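In case you want the letters, here they are:
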Amino acid sequence: MSETTRLSKCLVAQLGCSRREAELYISGGWVTVDGQVVDEPQFPVGQQTVALLPGAKTEPLDPVTLLLHQEAGQTAESGRLGMHADNLSAAHAEGRRVLRGHFARLTCLAELQAGASGLQVFSQDWRTVRKINADIQKLEQEYVVEVRGEIIGTGLERLNRGFTWKGHELPKVKASWQNETRLRLVLKNPPAGLIELLCRSVGLEVVSMRRIRLGGVAMSKLPAGQWRYLESKEKF
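The notes below deal with the structure included here. (Residues numbered from 1 in each chain as written. Predicted model: local features only at pLDDT ≥ 70, side-chain atom pairs only at ≥ 80, totals over all residues. Heavy atoms only, no water.)

## Observations concerning the overall build of the chain
- When helices and strands are tallied, the chain shows six helices and 16 strands.
- Its C-alpha radius of gyration of 23 Å places the chain more than 25% over the 18 Å reference for a compact globule of 236 residues.
- For the C-alpha atoms alone, the extent of the chain along its principal axes is close to 75 × 35 × 30 Å.
- Across the chain, every contact between residues at least 6 apart in sequence was considered, and the portion connecting residues at least 24 apart equals 67%.
- Looking at the chain as shown, the accessible area adds up to about 13,100 Å², and 49% of this sits on carbon and sulfur atoms.
- In the chain, the 31 positive side-chain charges and the 26 negative ones have mean positions that sit 5 Å from each other. (Helix = DSSP H or I, 4+ residues; strand = E, 2+ residues; numbered from the N terminus. Rg over C-alpha atoms; globule rule 2.2 N^0.38 Å. Contact = heavy atoms within 4.5 Å. Areas by Shrake-Rupley, 256 points an atom, 1.4 Å probe, with all protein chains shown as cover. Lys, Arg positive; Asp, Glu negative; His and termini not counted. Charge placed at Lys NZ, Arg CZ, Asp CG, Glu CD.)

Written out as structure tokens, the structure reads:
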């Protein structure tokens, strides 16, 4: 068998750069092996051709924020682990270089209600993490809730004004019907189980719920099980 060398070591020998510079080139997606981008410094190289792409920089990757359309039954952790290049939304992939470093050190922010599907946010950008954590009490979260049952006569009005039900102080929310079986709820920092409690208090049973917006960022038409990058113009 032919001997192999770590890609980073091969690049050091080829360019005369430092090991740190070689690792930054590689993790930044600037190095190809036989024409294919490889972003793992430990990748074994034999007789393949190693090349540096034009415009290569020895700079750490810019931190990213990822938006996942998490499927029902998934946890935040399984959703995070399930993101990879193959399930990046095709509609949002143009001009994007998906690198392994984009999936490292991700923090889940404003986690979904248990059992819900929809918009789940992961970030490695300390500025985004700080903003969402600081603003969580006032950030609107919009859910579409599939329900069954018959709402009581003043149910929608009660949800919109807030009330006490069986000893529970229920906050006012923005509630409206999307169609005959889908209730749209806009609320702030809902504690676990609040949506089920709100629905039950007006005679409804939750079948499923899906978050479609967090603050100023909407999930839009992101398909279930797919993810995209937060765009620079989007603000929570």
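Now that the structure has been shown, we can carry on.
## Observations concerning the sheet that holds strand β3 (residues 36–37)
- One open sheet holds the three strands; their spatial order is β3-β2-β5, and the pairing between them is antiparallel. At either end of the open sheet lies a strand with only one pairing partner, and these are β3 and β5 (50–52).
- For strand β2 (residues 31–33) and β5, the ladder comprises three bridges, and the chain directions are antiparallel. Paired with V33 across the bridge in β5 is V50.
- Across the sheet, helix α1 (residues 7–15) touches β2 and β5, and the angle it forms with β5 is around 65°. (Pairing = 2+ DSSP bridges. Axes fitted to C-alpha atoms, helices over the stretch in contact; angles between N-to-C directions.)

## Let's talk about the packing of aromatic side chains
- All told, the structure shown has two aromatic pairs when counted by the stated rule.
- On the numbers, 5.4 Å between centres and 85° between planes, the contact of F103 with W227 is edge-to-face. Of this pair, F103 sits in the loop between α3 (76–81) and β7 (107–109) while W227 sits in strand β16 (residues 227–229), placing them 124 residues apart in sequence.
- The class for F103 is buried, based on a relative accessible area of 18%.
- Overall, W227 belongs to the buried group, its relative accessible area being 0%.
- Relative to Y229, the ring of W227 lies with its centre 5.0 Å away and its plane at 70°, an arrangement referred to as edge-to-face. Each member of the pair, W227 together with Y229, is buried.
- Geometry around W30 places R97 over its ring, the cationic atom sitting 4.4 Å from the centre. (Phe/Tyr/Trp six-rings, centres within 6.5 Å; stacked < 30°, edge-to-face > 60°. Buried < 20%, exposed > 50% of the residue type's maximum accessible area, 1.4 Å probe, protein only. Lys NZ or Arg CZ within 6 Å of the ring centre and 35° of its normal.)

## With respect to unusual backbone geometry
- Residues other than glycine seldom take positive phi values, yet N189 does so here, at roughly 45°.
- Note on placement: N189 falls in the loop between β13 (182–188) and α6 (194–201).

## Looking at the pairing of strand β14 (residues 204–214)
- Here two bridges tie strand β8 (residues 117–123) to β14, and the two strands are oriented parallel to one another. Across the sheet, G118 pairs through a bridge with R211, a residue of β14.
- Pairing between β14 and strand β15 (residues 217–218): two bridges, direction antiparallel. In the sheet register, L214 faces β15, and the bridge partner there is V217.
- Taking the residues between adjacent antiparallel strands as the criterion, β14 and β15 are bridged by two residues, where G215 takes a positive phi near 60°.

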